[in-house]
Amino acid sequence: MRRILVFILLNCLICGIAEAQIPVILRATASEQEDSTGCNFVKELTRISYEAIVNGKAKLWDSPAKEIQIFPSSLQAIEKSSATQFVNQEVVFIYETWTNSNRDLKSATQGFLFSNKSANGEEVAYGYVDYNDLQDVCLRYRINTNANGNYNANLANYIYSKNYNYKILQFAGKVIDNASDSKKIKDDFIGTNKFNTTSFSATEIPQKMVVWSLDFASTLTGAKADSSRKLVNAITKYLYENEEQLFNLGGDKIQTHLQKGKWKITRIQVSELWKKVNNSVGYDPSGITIYINDTPLNEILYKDMMKMEVMVEDRNWIEYIRGKDFAFNILSINNQEVVRSQSFIYQKALQTYDWNKINDFVKYY
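Model, not experiment: these values are computed from the prediction.

J.: Can you lay out the side chain of asparagine 100 for me, pointing to particular residues and giving the numbers?
T.: Residue position: asparagine 100 is located in strand 4 (residues 91-101). Within the local environment of asparagine 100, its side chain forms a polar contact with the backbone nitrogen of arginine 103, the two atoms lying 3.2 Å apart. Among the polar contacts made by the side chain of asparagine 100, one reaches the main-chain carbonyl oxygen of phenylalanine 189 at a distance of 2.5 Å.

J.: Tell me about the pattern of salt bridges, residues and numbers included.
T.: Using the criterion set out here, one finds 20 salt bridges in the structure. Between glutamate 272 and lysine 324 there is a salt bridge, with the nearest N and O atoms lying 2.9 Å from each other. Placement of the pair is glutamate 272 in strand 10 (residues 265-277) and lysine 324 in the loop between helix 11 (317-323) and strand 16 (328-333), with a sequence separation of 52 residues. The two residues glutamate 272 and lysine 324 agree in class, both being buried.

J.: Go over the pairing of strand 16, please, and point to the residues and values.
T.: In terms of burial, strand 16 is largely enclosed, as five of its six residues are buried. Both strand 9 (residues 207-214) and strand 16 contribute to a ladder of five bridges, which runs antiparallel. Each residue of the ladder has a partner; that of leucine 214, found in strand 16, is phenylalanine 328. Bridging between strand 16 and strand 17 (residues 336-337) involves two bridges; their strand directions are antiparallel.

J.: Explain the pairing of strand 10 to me, and be specific about the residues and the numbers.
T.: Taken together, the seven bridges between strand 9 and strand 10 define a ladder with antiparallel strand orientation. Pairing of glutamine 207 across the sheet is with lysine 275, part of strand 10. Sheet analysis places strand 10 next to strand 11 (residues 280-292), joined by twelve bridges and oriented antiparallel. Within strand 11, the position partnered with tryptophan 274 by the bridge is tyrosine 283. Counting the residues in the hairpin turn of strand 10 and strand 11 gives two residues, including asparagine 278, whose phi is positive at 50°.

J.: Give me the confidence of the model for the chain: which residues, what numbers.
T.: With 92% of its residues at a pLDDT of 70 or more, the chain has an overall mean of 91. Contacts for the low-pLDDT stretch residues 4-10, under 50 throughout, to residues beyond four places or in other chains number eight contacts.

J.: Let's hear about unusual backbone geometry: which residues, and what values?
T.: The backbone of lysine 162 shows a phi angle near 60°, a positive value even though the residue is not glycine. Tracing the sequence through the fold places lysine 162 in the loop between helix 5 (155-161) and strand 7 (167-171). Note on lysine 162: relative accessible area 8%, which makes it buried. Positive phi is not limited to glycine here, since glutamate 313 has a value of about 55°. As for its position among the elements, glutamate 313 is in the loop between strand 14 (311-312) and strand 15 (315-316).

J.: Go over the packing of aromatic side chains with me, naming the residues and quoting the values.
T.: Applying the stated criterion across every chain, the model contains 22 aromatic pairs. Look at tryptophan 98 and phenylalanine 189: their rings are 6.0 Å apart centre to centre, the planes differ by 25°, and that puts the pair in the stacked class. With tryptophan 98 in strand 4 and phenylalanine 189 in helix 6 (residues 179-190), this pair connects stretches of sequence that are 91 residues apart. Per residue, the accessibility class of tryptophan 98 equals that of phenylalanine 189, and both read buried. Plain terms: the ring middles of tyrosine 240 and tryptophan 263 are 4.3 Å apart, the flat faces sit at 25° to each other, and that makes the pair stacked.

J.: Please provide a residue-by-residue account of the environment of glutamine 170, values included.
T.: Counting through the fold element by element, glutamine 170 comes out in strand 7. On the accessibility criterion, glutamine 170 (28% relative accessible area) is partly exposed. Residues glutamine 170 and tyrosine 95, spaced 75 residues apart in sequence, show a C-alpha to C-alpha distance of 9.4 Å. Excluding residues that lie within four positions of it along the chain, glutamine 170 makes contacts with Pro23, Val24, Ile25, Val175 and Ile176.

J.: Can you lay out helix 4 (residues 131-140) for me, pointing to particular residues and giving the numbers?
T.: Taken as a whole, helix 4 has its buried residues at Tyr131, Leu134, Val137 and Cys138. The buried residues of helix 4 occupy one face: seen down the axis, they fall within an arc of 125°. Facing away from the buried side of helix 4 by over 90 degrees, the exposed positions are Asn132 and Arg140.

Definitions and cut-offs
Residues numbered from 1 in each chain as written. Predicted model: local features only at pLDDT ≥ 70, side-chain atom pairs only at ≥ 80, totals over all residues. Heavy atoms only, no water. Helix = DSSP H or I, 4+ residues; strand = E, 2+ residues; numbered from the N terminus. Polar contact = N/O pair within 3.5 Å; in protein donor to acceptor, adjacent residues only side chain to side chain. Salt bridge = Lys/Arg side-chain N within 4 Å of Asp/Glu carboxyl O. Buried < 20%, exposed > 50% of the residue type's maximum accessible area, 1.4 Å probe, protein only. Pairing = 2+ DSSP bridges. pLDDT = per-residue confidence, 0-100. Contact = heavy atoms within 4.5 Å. Phe/Tyr/Trp six-rings, centres within 6.5 Å; stacked < 30°, edge-to-face > 60°. Arc of directions from axis to C-beta.

Next comes the structure, spelled out in structure tokens:
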């Protein structure tokens, strides 16, 4: 009977104030964030917030009432005395207002309440930060994303879209103390609608930062292996003919070998922005690192790559790299490392599968 009454009250509450500004408090837990969202929202929120607080870009208060400011030195003293770390919080609380007017669902984030637990289970209160103080860093700072994430996403994207797992702790002043009631509010108030749809571009291009190394081992056979060695030979020829360029790239690190003419390229690593437009993948190199006798030279950025006249047969090396007609191994996608044994599967996923579900493809391949 009590359960039925609670559901009736919730229905009345939701229906009666749908178009009003509804104060809500959300609870997001680090261990409940899913790989499919592209990042661990709680970990990224605490990381970016901590940097902003310590660097004086955001003020930390004792509570949402903002009566006492907690300065960075005091926060660090709290961490030290409690043997906890701000960036290792399991739970954060998010204060917002929601409106739902004719299925136009909007949220306005007020701020975040941060806390932790010590090793003996005692509550450690860090404080409250206004979202207005964090908005600039949330928009500007790049977040750590896995292979499912979008490289150009920022924390504000996740906050506005609610692209993270959360439970509703309070709704319109009423405490929601169980998961089923939280789910009911989501089902009835949100449904299949999305938050703040006008805040996002409908033409946003999916992007991933892919780092790969050229595979030109002598044991490899086939056309792609031959193409890999053609690229290595072209770069080697260019550096031999432009020794000054080699020293400008940091060749002085291996000057003894250079003087004896006993150097060779042992590795080539490329950082590249992959973009997906109309199901077609494009490649924009951002930099290349050449290893001479296992020692890395300085990274050559794209703007400098354009100035170097490295030709692979009749093609400029940038166009040759974009062509991908050679053997290579993916080392990382965004901030996620890729083991060598799975490199080919990740390549296939990026070429053929939903970019929001790259890890799923690899997991079930």
